[in-house]
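# Architecture and fold: a report
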Amino acid sequence: MSGTTWVYIMLGIYIIYCFYWGLKGYFTEKTSAGYAIAGRSIPFFAFLLAATAASFSGWTFIGHPGLIWRDGLAYAFASFYVLTIPITGAFFNKRVWILGKRYGFITPGDMYAYYFNSEPIRFLVVATAVLYSLFYSAVQLMASAALFHIIAGVPIAFGAIFMGFIVWFYVCTGGLKASTWVGVIQFVLLVGGIILLGFFVITAPAFGGWGKFSAAVAALDVKFLEVPRVIHWGLGAAPGETAWTAVMVLTYMFALMGIQSSPAFTMWTFGIKSPKPLAWQQAFMSTFVVGFALFFFTAFQGMGAKVLEVAGNPAFAGINQATVVPVLMKEFLPPFVLGIVFLGAIAAIHSTAAPYIGTGGSILLRDIYWRYIRNQQAGHAEQIWVNRVLATLLTIGALSIGLTSKAALVILGALATAFGFVMYVLLLGVIWGFRFPSIGAVLGVLGGMIAVFLTYKIWPRPLSMHAAFWGTATGLVIAYICRGFGIKDNEETIKRQNEVRAFLDDIDAPSESGKAWRKAMLFIVPVWYFFAIGPACILGNKAFSFSGFTPLWSWQITWWILGIIMMWALCFKAQMSTLSEDRIERMETEQMTVVKEA
């Protein structure tokens, strides 16, 4: 059978699986929290795989190798987001789960508005969630349409609508639990597809094996093999150079840290049964498993395409970053494997679009419709159906933006993760007690969002640093300026915050060993950032090489391995992502629900 036939067979099996979980959720989820956050019952295994898949989108599958092809190994530092995305989880997610369990929070707006005693914060979180849902999902759905077009010849518009329909069906019928169980198979397909494609590329006769491949990579122009400089004292990149200075690499990782601080991921954390899977998801599934796929197999794809292009292979003449992976698939994969890898790409795309559409609808329902339009009087059935309507509108909106606004789509899709990183302002206050007044939190987030837009669109990347850095830095400065001016919260807000702080400090107090490890990690983590993806990463240009990998590639692999050890120490030994069994049991009885569900 042809590759196209296998594509349709695999897609048919995948659709059946997705629809099964959607329909199962439709007949079993009868409460608002059950639909929105899976009734706080997502099990260990499901979260382990699905949360990892949701962290790494179709951009990982298609765009990441394409940018390695375009910009070389300096861009390949982006693979370190297998550490920087889950490190956000290590900083915050265990305590987010604790707060959700104790106070009954359903949306992140509930948590932030309660802690800061401020409803304007709720609206800022809603705005962030809607931006994510619309623009990030639009990017994903259009990527799936483009891939469908290149591989199977399906028109772009039809492909986008068809792929959007699949996501819409299981999200709207089954809620977050359906998205989670579909995410399990999506993780397997995502990682498996990346590894399969990289394997077939590196073993293709066109390269003649690893020895000839590595020699061809080493012979490429030096601009594809080195970081150009530490910093550019101006806007964007220096003339004639790639944008990936050392500080651009570092601050771009900040943007991707915004994925797990985004409102959608906060809701997923509320939905898990216990915090037990957090450490394993962060230190093993993301850092090790996905890291293995990215540091080797996506690099094989991107650098392999560059070698073939330079060698004058006609199939790679005129390619661009969006077509690198589809062309590799058509050139090197046998028909059956093409079907599997195609499905891996679609699964990667859906794994991100689904939770953002679903949680976006839930946030609009709970924080706008239920709270302000219905004045907290709607029952469970009404909430679920309105949630479905809102998720439908978000899906239509994402498709409309994707099909009509290509230029704006790229800009706004990139802004989404940076806006997510601005949520650090609120998380640092709620989770770790950074002290600034509620008005400082509101103005800080608002100012941070404005700074993200200005340093992305108007004055792009001052000092060659990503907008995410400027946004969150601006937000924190504004928040602390408000404190410096002597603005104080009212007595009720101070009392509420002190109660939260006292509870967190009690339930999440580390052991003596954990305290010692935390002190060590205060030194180790910044050092790792400085050398692995910070200013000192430029040392990798000439540092050392092994097994045929160029010096910069060898540097990346070495610091990835050291990063695995760091994440293990941070999550387990420093107890940043673990909670003892007796304290988990305490959470079942020490609840103080402040959110009305229906």
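This text follows the structure it describes.
The paragraphs below set out a description of the structure included in this document. (Residues numbered from 1 in each chain as written. Predicted model: local features only at pLDDT ≥ 70, side-chain atom pairs only at ≥ 80, totals over all residues. Heavy atoms only, no water.)

### A few points about the side chain of S79
Take S79: it is sitting in the loop between α4 (58-71) and α5 (81-103). Other than its neighbours up to four places away in sequence, S79 contacts H64, L294, F295 and T298. (Helix = DSSP H or I, 4+ residues; strand = E, 2+ residues; numbered from the N terminus. Contact = heavy atoms within 4.5 Å.)

### Some details on the environment of I357
Looking at the element boundaries, I357 is found in helix α14 (residues 335-373). Judged by its relative accessible area of 0%, I357 falls in the buried class. In contact with I357, not counting residues within four places along its chain, are S133, S137, V167, V171, A391, L394 and T395. (Buried < 20%, exposed > 50% of the residue type's maximum accessible area, 1.4 Å probe, protein only.)

### Overview of the environment of F297
Considering the arrangement of structural elements, one finds F297 in helix α12 (residues 276-310). Its relative accessible area of 11% is what places F297 among the buried residues. A C-alpha to C-alpha distance of 54 Å links F297 and G486, two positions 189 residues apart in sequence. Here F297 is in contact with I194, I195, G198, F199 and F292, once residues within four sequence places are set aside.

### Re the pattern of salt bridges
Scanning all chains against the criterion turns up 19 salt bridges. Across the salt bridge formed by K177 and E29, the nearest N and O atoms sit 3.4 Å from each other. Residue K177 is found in helix α8 (residues 156-202), and its partner E29 is found in the loop between α1 (3-28) and α2 (32-37); the two are separated by 148 residues along the sequence. A residue is classified by how much of its surface remains accessible, and K177, at 27% relative accessible area, is partly exposed. For E29, a relative accessible area of 9% gives the class buried. As a salt-bridge pair, K515 and E512 come within 3.5 Å of each other at their nearest N and O atoms. (Salt bridge = Lys/Arg side-chain N within 4 Å of Asp/Glu carboxyl O.)

### Regarding the packing of α5 against helix α20 (residues 491-507)
Taken N-terminus to C-terminus, the directions of α5 and α20 make an angle of 120°; their axes are 11 Å apart at the nearest point. By the criterion of interaxial angle, the relationship of α5 to α20 is oblique. Viewed along their axes, α5 and α20 form a crossing whose handedness is right-handed. The residues of α20 that touch α5, namely those facing R95, I98, L99, R102 and Y103, are E499, V500, R501, F503, L504, D505 and I507. The residue makeup of the contact of α5 with α20, split by class, is seven nonpolar, no polar and five charged. (Axes fitted to C-alpha atoms, helices over the stretch in contact; angles between N-to-C directions. Parallel < 35°, antiparallel > 145°, perpendicular 65-115°, else oblique. Left-handed = near helix turned anticlockwise from the far one by under 90°. Nonpolar A, V, L, I, M, F, W, Y, C, P; charged D, E, K, R; others polar.)

### Observations regarding the environment of I13
Turning to its location among the elements, I13 is positioned in helix α1. A relative accessible area of 52% means that I13 is categorised as exposed. Considering only alpha carbons, one finds I13 and L343, 330 residues apart in sequence, at a separation of 9.9 Å.

### Description of the nonpolar core
Judged by nonpolar contacts, the single largest core of 220 residues is most densely connected at Y14, F80, M329 and I533. In terms of residue count, the dominant contributor to this core is α8 (19 residues). Those residues in contact with I533 that sit more than four places away from it in its chain are F77, F80, T84, A246, V249, L250, M253 and W528. (Core = buried A, V, L, I, M, F, W, Y, C linked by side-chain atoms within 4.5 Å.)

### So, unusual backbone geometry
Although it is not a glycine, R461 adopts a positive phi angle of roughly 50°. You can see R461 is positioned in the loop between α18 (438-458) and α19 (467-484). Look at Q575: it is not a glycine, yet its phi comes out positive at around 60°. Checked against the element boundaries, Q575 lands in the loop between α22 (551-573) and α23 (581-589).

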